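Chain by chain, the residues:
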Amino acid sequence: MKTNFNIEKIELDNTRKTQILKKIPLMADKKVLVVGDVGLDEYIIGAVKRISPEAPVPVMDVESEEKRLGLSANVAQNITALGAEVGILSVVGNDFGADLLKPLFKEAKIPWDLMQVDDSRPTTRKSRVMAGPHHIVRIDYELKKYLSETVSARVFKAYSECLAQYDGVILQDYAKGIFDENLIQKMIDEANRVKVPVFVDPHRTQPLSFYRGASLFKPNYDESLVLAGFNFEDLRENPNKVYEIGKTLQNRLNTKDIVITRGKEGMTIFSGERITEVPTFAKRVFDVTGAGDTVIATIALSQVAGFSLNESCLLANVAAGNVVSKVGCVPCDLKEMIEFISH
């Protein structure tokens, strides 16, 4: 493995600001398909003032409740928040969780028509009980199990029938069961056949072979380490190992473009032989939940709109900096993002 790398560092200078602001309106004409596990995030918020007489547990007086789109649904709402059209293909249960999701989809301008129903599994739902900013307990409704052959075939049929209508597709893997290797490889092959670019956001527990042949692969720092077969000791001893990790992923996946998100360190882009460092733009970090969803949505949408990869990653880091300054899983605010770039 090559150990001397030529690293370029880029900034959001005035020239790039002008180029990005000029291209942002082009995103509104694009249409992106999101495929992956969807979920509902519930927040039950209140105050704890006493202990229950029935058991030594806190009693919380509920003050408010919030319901938000989670998992791939959050990726989809980031696409619509950026002004573009989105489609989403996933599997939900025939249950109360799906009933709660439908109005949230409508509110976020996300169509429900591609959603597949599987009576054998629940709709993924995470209910967080919070006393002010403090989590008391989280209650999960989910089944981490691959789809049956029948449901998987139904998902692929819906995918192949609609794919040509889209400018790009995001395969968003949360390892809840939507993707097994056969299905995700068929999806990548079909997209390559009809020349629709595929943007993959992986999960560290899935084998790397699941994701071969994608147009762009976007793991976070820890996922890239695990998927490339390295360990945390490697990085503690030599932080520059990240460059070896990226090159390893490129070679094993047969993928030209790899973007590794690195939190406060920004992003590292591997595009062909070039390696580029992109800074972070987060000024305040309250909650990193959903930041990865915002990044993959922004990169995919801007790429199909004609941005260079460097421009896409600069824009995605601005978008991520916007969402981490807020609490919970929320989409990027396009107006705030444009204002940040402008000023």
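Residues numbered from 1 in each chain as written. Predicted model: local features only at pLDDT ≥ 70, side-chain atom pairs only at ≥ 80, totals over all residues. Heavy atoms only, no water.

Asker: Any chance you could explain empty space enclosed by the protein here in plain terms?
Answerer: In this approach a probe as big as a water molecule rolls over the atoms, and the regions it shows empty are the leftover space. Evaluation of the coordinates by the stated rule reveals 1 cavity of 30 Å³ or more. Taken together, the residues that form the lining of the largest cavity break down as 5 nonpolar, 2 polar and 3 charged. (1 Å grid on protein atoms, 1.4 Å probe; cavity = no way out; pocket = protein on both sides within 12 Å on 5 of 7 lines; lining within 4 Å. Points joined across faces, edges and corners; volume = space filled by probe spheres on them. Nonpolar A, V, L, I, M, F, W, Y, C, P; charged D, E, K, R; others polar.)

Asker: Quick question: what am I supposed to make of the pattern of salt bridges here?
Answerer: Two side chains bearing opposite charge may form a pair once their charged atoms approach each other closely. Overall, the coordinates contain 18 salt bridges when judged by the stated rule. The partner of glutamate 66 in a salt bridge is arginine 68, and the shortest N-O contact between them spans 2.5 Å. For glutamate 66, a relative accessible area of 29% corresponds to the partly exposed category. We note a salt bridge from arginine 138 to aspartate 140, for which the minimum N-O separation is 2.8 Å. By relative accessible area, arginine 138 is classed as partly exposed at 43%. (Salt bridge = Lys/Arg side-chain N within 4 Å of Asp/Glu carboxyl O. Buried < 20%, exposed > 50% of the residue type's maximum accessible area, 1.4 Å probe, protein only.)

Asker: Please clarify how the sheet that holds strand E8 (residues 124-131) should be interpreted in this entry.
Answerer: Across a sheet, paired strands are connected by hydrogen bonds in the backbone, their directions being either parallel or antiparallel. Pairing is mixed across the open sheet formed by 4 strands, whose spatial order is E4-E3-E8-E9. In this open sheet, the two strands that pair with only one neighbour each are strand E4 (58-71) and strand E9 (134-141). Going from strand to strand, the sheet's axes swing by 20° on average, the running direction of each strand aside. Bridge count between strand E3 (residues 38-51) and E8: 8 bridges; the pairing is parallel. Directly across from isoleucine 44, in E8, lies its bridge partner valine 129. Taken strand by strand, helix H2 (residues 72-81) contacts E3 and E4, and its axis lies near 65° from that of E4. (Pairing = 2+ DSSP bridges. Helix = DSSP H or I, 4+ residues; strand = E, 2+ residues; numbered from the N terminus. Axes fitted to C-alpha atoms, helices over the stretch in contact; angles between N-to-C directions. Contact = heavy atoms within 4.5 Å.)

Asker: Explanation requested: the nonpolar core in the structure shown.
Answerer: Across soluble globular proteins, nonpolar side chains show a tendency to be buried alongside one another. Counting 57 residues, the largest nonpolar core has Ile88 and Ile170 as its most contacted members. The dominant element in this core, judged by the number of residues it contributes, is helix H10 (residues 309-323), at 8 residues. One finds Leu183, Ala191, Leu227 and Phe270 within the second-largest nonpolar core, a separate group that totals 45 residues. (Core = buried A, V, L, I, M, F, W, Y, C linked by side-chain atoms within 4.5 Å.)

Asker: Before we go on, may I ask you to explain a nonpolar patch on the surface in this structure?
Answerer: Taken together, Val48, Ile136, Val137, Ile139 and Tyr141 make up a surface patch of nonpolar side chains, about 380 Å² in accessible area. It is E9 that contributes the most residues to the nonpolar patch, 4 residues altogether. On the secondary structure map, tyrosine 141 appears in strand E9. (Patch = residues over 30% accessible without salt bridge, like charges linked within 9 Å, V, L, I, M, F, W, Y side chains within 5 Å. Areas by Shrake-Rupley, 256 points an atom, 1.4 Å probe, with all protein chains shown as cover.)

Asker: I keep staring at the packing of aromatic side chains and nothing clicks. Help me out?
Answerer: One pass over the structure, following the stated rule, counts 4 aromatic pairs. On the numbers, 5.6 Å between centres and 45° between planes, the contact of tyrosine 211 with phenylalanine 217 is tilted. Assigned by exposure class, tyrosine 211 and phenylalanine 217 land together as buried. One aromatic cluster is present, formed by Phe210, Tyr211 and Phe217 through successive ring pairs. Above the ring of phenylalanine 307, the side-chain terminus of lysine 23 is found at 5.9 Å from the ring centroid. The side chain of arginine 68 reaches across the aromatic face of tyrosine 43, ending 4.9 Å from its centre. (Phe/Tyr/Trp six-rings, centres within 6.5 Å; stacked < 30°, edge-to-face > 60°. Lys NZ or Arg CZ within 6 Å of the ring centre and 35° of its normal.)

Asker: Mind showing me how you'd approach the sheet that holds strand E11 (residues 198-201) here?
Answerer: Ordered in space as E1-E15-E14-E13-E12-E11-E10-E2-E5, the 9 strands form an open sheet in which the pairing is mixed. Each of the sheet's edge strands pairs with one partner strand only, and the pair in question is strand E1 (7-9) and strand E5 (85-89). Looking at chain direction, strand E10 (residues 168-172) and E11 are connected through 4 bridges and run parallel. Opposite valine 169, over in E11, you have valine 198 as the bridge partner. On the sheet, helix H9 (residues 291-304) packs against strand E2 (31-36), E10, E11, strand E12 (216-217), strand E13 (257-261) and strand E14 (267-271) and is oriented at approximately 170° with respect to E11.

Asker: Even after reading the chapter, I still don't get H9, so can you show me in this structure?
Answerer: Along an α-helix, residues three or four positions apart point the same way, because every turn accommodates 3.6 residues. Across its 14 residues, H9 extends 20 Å between first and last C-alpha, which sits within 8% of the 20 Å expected from 1.5 Å per residue. Taking burial as the measure, the 14 residues of H9 include 12 buried ones, the bulk of the element. If you check which residues of H9 are buried, you get Ala291, Asp293, Thr294, Val295, Ile296, Ala297, Thr298, Ile299, Ala300, Leu301, Ser302 and Val304. Downstream of H9 by a residue or two, glycine 306 has a phi angle that is positive, lying close to 100°. (Expected span 1.5 Å × (residues − 1).)

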